[in-house]
Amino acid sequence: MSQTQPSPTALARILIAGLLLLFACLSLYGIRWGLPSSRVDRYLFSGEEPWPGEEIYRLAGATGRFAPQRGADVDVDPLDKSAGERVPLTATDEDVAKIYLRFRLYTNQPDEMITMMALRAMDPSRLRLDPRLYQYGGLFIYPVGVLIRLGGLFGLIDFRGDVTYYLDHPDAFARFYLAARLYSVLWGLIGVWAVYAIARRLADWRAGVLAAFLFTLLPVVVCMAHEGKPHLPGAVLMLLAVLFAMRHLSRLGDSELIRQARRDWWLMCLCCGAAFGMVLSSLPIFVLIPLIAWIKWRGASDAASSQASSRELRPTFALGHAVLETAGGVIIASLVYLVTNPYILINVFANREVLKSNFGNSLAMYEMARMAEGFIRVVELAVEGSTLPIVALGVCAVIVGVVRRNPHMWPLVVPAAVFFLQFVAIGAGKPGEYGRFVIFFSTAFAIGTACLLIRTEARLGPALNWIVGAIVVLWVTLGAMEHLRNFALDRSPRGTRIRAAETIAKFIEDAQRDGVRPAIAVAAEPGPYCCPPMDFRKVDLVLHPGIQNPARQHPGGLPDLPLVRPVDLCIERSDGGPAAPGDPMAVKSEDSCFRRLGLRLGETPISWANKPIEITGLTYAPAVEESPSPTPGEQP
């Protein structure tokens, strides 16, 4: 008796269900990395009683951090670095308290805290809902706030309005960040389905399953699913916009599906506006609206040229219709953005200063220059975010599609190309963390890779096709595993920050035993993301102008003080050889089989988890009594 085989549709559903479970498991593994914790108190306070939260709050001047005219992410009292001189960071108790506040409330990811700062400035009971943070959209900030309140109602989060409580109990505040990270995970699950649906339309269900699997394991996706930031949700909304655009074009030729085609058009516009409302960097997805209208106009023009006796009337009508449809689509998308970010419009009339403050602070981080350097940097980060085989095969897939004039790929390729060019314009000299911006076109590369492998199966032959596919899957799996490994290590005693903290604690202890107050130079204002925990009360910490950017050496050279700074492995790479005398010691993530094989997969520069930390010159000159000079004629 023969057994009934599952249909391709049923098999695809089973496999996608398995991939959803896999994505959830990978995203939850290590999700608590880098959260505020009292476990580092032994380093921050040398095993003594921690400073009370009320004292930290008062000395740090935290009560004045929420002026209505200032963006939520704008520093209240920035350091004056214009003179290019050393800046003392621990000269007073107030300076030390500001550092302790960051170590008690911030995570090892430097941008996650700005969402909490935006929520802290809001008061729903008084209808004060302006986040004063607009590069992260309302579609991210407001739902995260709702999740935190729901967690409080169900007893999962200790929700209080007293910041000093969380300064005393940083582990309780860590759950706020967990809510934001889980919000990203939920959107990632939707992204698995969206990638499957797009690749299935471009090829078949097998390509869809493979593309969804690659998406699940993309290093940049694994990284962003572990961070409470809007870039993964924004990328998923853009993928949904691409999917609805493809569905709209495929249904135009069937008169019975014209209503569904119109619905897909408006859903595409809604998703474009929602993506922009999630994160400001999603604006280029608006190119989909005129692109789809242009594709339809070209189709109408070709039909009119071949069928109508007059070659001018119908193309002109189609062009006018395309312009109106584009205008309507842009208006709908813009309305979605304004509905999810109402204070953008409100503050245009009521509080322009806060708009200038927030947008000015964001724009100061970017510079549109050095396009050639930006192109090289973006390619580097694309390889980091999606692995070399996926970038190479993804580019080949685009070339094949262009040569074959495949119209179905344009809704995916054109927005991805615009995002690529946008990042090239600002990518010169950017550190590894800016790899978060490659998430959309890295996903496009993964989809192209899957479709290319399935489409070329007959040409390459099953054996060669399986070999190439196995290499792609193995490579991206190794990249995902290394990220997961660093997330796990970041919370363990073997993590780079804790190992560096142990080294510095021993240095401080030895110096104090000899009556010396040690001094250390750092590259940025201390925070858990850029500095190991140490007892800042017992060390003279100095911000040195010569080490602000590890990629470029300052004319003044490195400081003549012990140096501690994180290392961006995309910029500075270790050759693994023995250190020469005087060379810096790098507290790197533990050696792995990938590095021993000489693969770059062992490095995770996009992520801040288990970040390598450079430590140079932790030595001092202990005070010694000078011997009296011998008198003439006396033997020394």
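For every chain, the first residue of its written sequence is number 1, and the numbers climb from 1 along that sequence. Only residues with pLDDT of at least 70 get local features here, since the model is predicted, and only at 80 or more are side-chain atom pairs given and counted; chain-wide, interface and lining totals rely on the full set of residues. Just so you know, side-chain values use all the structure's heavy atoms and leave hydrogens and water out.

### Regarding the overall build of the protein
Each helix is a run of DSSP H or I of at least 4 residues and each strand a run of E of at least 2, with the numbering of both proceeding from the N terminus. If you tally the helices and strands in the protein, you get 24 helices and six strands. In this scheme, a residue with accessible area under 20% of its type's maximum is buried, one over 50% is exposed, and one in between is partly exposed, where area comes from a 1.4 Å probe on protein chains only. Within the protein, the proportion of its 636 residues that are buried is 53%. In what follows, residue pairs with any heavy atoms lying within 4.5 Å of each other are defined as contacts. Within the protein, contacts between residues separated by at least 24 positions form 79% of all contacts whose residues are at least 6 apart in sequence. Note on areas: Shrake-Rupley with a 1.4 Å probe; residue coverage comes only from the protein chains shown. A total of about 29,700 Å² of accessible surface is found on the protein, and carbon and sulfur atoms cover 62% of it.

### A short note on the packing of helix α6 (residues 138–153) against helix α12 (residues 258–278)
Inter-axis angles, ranging from 0 to 180 degrees, are taken between N-to-C directions of lines fitted to C-alpha atoms, where helices are fitted over the stretch in contact. Look at α6 against α12: their axes get within 6 Å of each other, and the N-to-C directions meet at 70 degrees. Our classification of the angle between α6 and α12 gives roughly perpendicular. Between α6 and α12, the contacting residues are Gly-138, Leu-139 and Phe-140 on the first element and Ala-274, Gly-277 and Met-278 on the second. Note on residue classes: Ala, Val, Leu, Ile, Met, Phe, Trp, Tyr, Cys and Pro are nonpolar, Asp, Glu, Lys and Arg are charged, and everything else, Gly too, is polar. For the contact of α6 with α12, a count of residues per class yields four nonpolar, two polar and no charged. Each angle gets one of four labels, with under 35 degrees taken as roughly parallel, over 145 as roughly antiparallel, 65 to 115 as roughly perpendicular, and the rest as oblique.

### A look at the nonpolar core
Counting residues in hydrophobic clusters, the biggest one holds 176 residues, and the most contacted among them are Met-268, Ile-285, Leu-288, Phe-441 and Phe-536. Here this core takes 19 residues from helix α8 (residues 170–202), the largest share from any one element. When sequence neighbours within four positions are dropped, the list of residues in contact with Ile-285 reads Met-238, Ala-241, Cys-272, Ala-275, Pro-415, Phe-419 and Phe-440. Only buried residues count toward a nonpolar core, which is a set of Ala, Val, Leu, Ile, Met, Phe, Trp, Tyr and Cys residues joined through side-chain atoms within 4.5 Å.

### Focus on empty space enclosed by the protein
Note on definitions: the grid is 1 Å and covers protein atoms alone; a cavity is a set of points where a 1.4 Å probe fits but cannot get out; a pocket is an open set with protein on both sides within 12 Å along at least five of seven lines; lining residues have an atom within 4 Å of a point. Grid points are joined across faces, edges and corners, and a volume is the space filled by probe spheres set on the points. For the structure shown, the criterion picks out three cavities of 30 Å³ or more. As a volume, the largest cavity reaches approximately 100 Å³. Lining the largest cavity are 14 residues, and of these Met-238, Ser-281, Phe-419, Phe-437 and Ile-439 lie nearest its centre. Looking at the lining of the largest cavity, the elements with two or more residues in it are α11 (231–251), α19 (410–426) and α20 (439–455). If you tally residues by element for the lining of the largest cavity, the top one is α11, at four residues. Here the lining of the largest cavity is composed, by residue class, of eight nonpolar, five polar and one charged.

### Some thoughts on the pattern of salt bridges
Two side chains that carry opposite charge are able to pair once their charged atoms sit near each other. Whenever Lys or Arg places a side-chain nitrogen within 4 Å of a carboxyl oxygen from Asp or Glu, that contact is recorded as a salt bridge. This model, assessed by the stated rule, comprises 24 salt bridges. Measuring nitrogen to oxygen at the nearest pair gives 2.7 Å for the salt bridge that ties Asp-510 to Lys-506. Residue Asp-510 and its partner Lys-506 are both found in helix α23 (residues 496–513); the two are separated by four residues, about one turn of the helix. By relative accessible area, which is 14% here, Asp-510 ends up buried. Here Lys-506 falls in the partly exposed class, since its relative accessible area comes to 45%. Look at the salt bridges and you will find they share partners, linking Glu-48, Asp-535, Arg-537 and Lys-538 into a network.

### With respect to α23
Take the number of residues in a helix, subtract one, and multiply by 1.5 Å to get its expected span. Here α23 spans 26 Å end to end across 18 residues, near enough to the 26 Å set by a 1.5 Å rise per residue. Those residues of α23 that sit buried are Thr-496, Arg-497, Ile-498, Ala-500, Ala-501, Ile-504, Phe-507, Ile-508, Asp-510 and Ala-511.

### Brief notes about the side chain of Thr-90
Checked against the element boundaries, Thr-90 lands in the loop between β1 (87–88) and α4 (93–105). Whenever two N or O atoms come within 3.5 Å, that pair is a polar contact, provided that in protein one can donate a hydrogen and the other can accept it, and provided that, for residues adjacent in sequence, both atoms are side-chain atoms. At a separation of 2.8 Å, a polar atom in the side chain of Thr-90 contacts the main-chain carbonyl oxygen of Val-539.

### Quick word on the packing of aromatic side chains
Geometry of aromatic contacts follows a simple scheme: Phe, Tyr and Trp rings, the Trp one being its six-membered ring, pair when their centres are within 6.5 Å, and the pair is stacked under 30 degrees between planes, edge-to-face over 60, tilted otherwise. In the structure shown here, the tally under the stated rule is 24 aromatic pairs. Ring geometry for Phe-45 and Tyr-100: centres 4.6 Å apart, planes at 35 degrees, overall tilted. Residue Phe-45 is located in the loop between α2 (41–44) and α3 (53–59), and its partner Tyr-100 is located in helix α4; the two are separated by 55 residues in the primary sequence. Overall, the relative accessible area of 0% leaves Tyr-100 in the buried class. With 5.3 Å between their ring centres and 80 degrees between their planes, Trp-51 and Tyr-100 make a pair best called edge-to-face. Here Trp-51 is found in the loop between α2 and α3, whereas its partner Tyr-100 is found in helix α4, with 49 residues between them in sequence. For Trp-51, a relative accessible area of 12% puts it in the buried group. Every member of this aromatic cluster is reached through a ring pair, and the members are Phe-159, Tyr-165, Tyr-166, Phe-173, Phe-176 and Tyr-177. Over a ring means this: the NZ of a Lys or the CZ of an Arg is within 6 Å of the ring centre and within 35 degrees of the ring normal. One cation-aromatic arrangement involves Arg-160 over Tyr-165; the distance from NZ or CZ to the ring centre is 3.7 Å.

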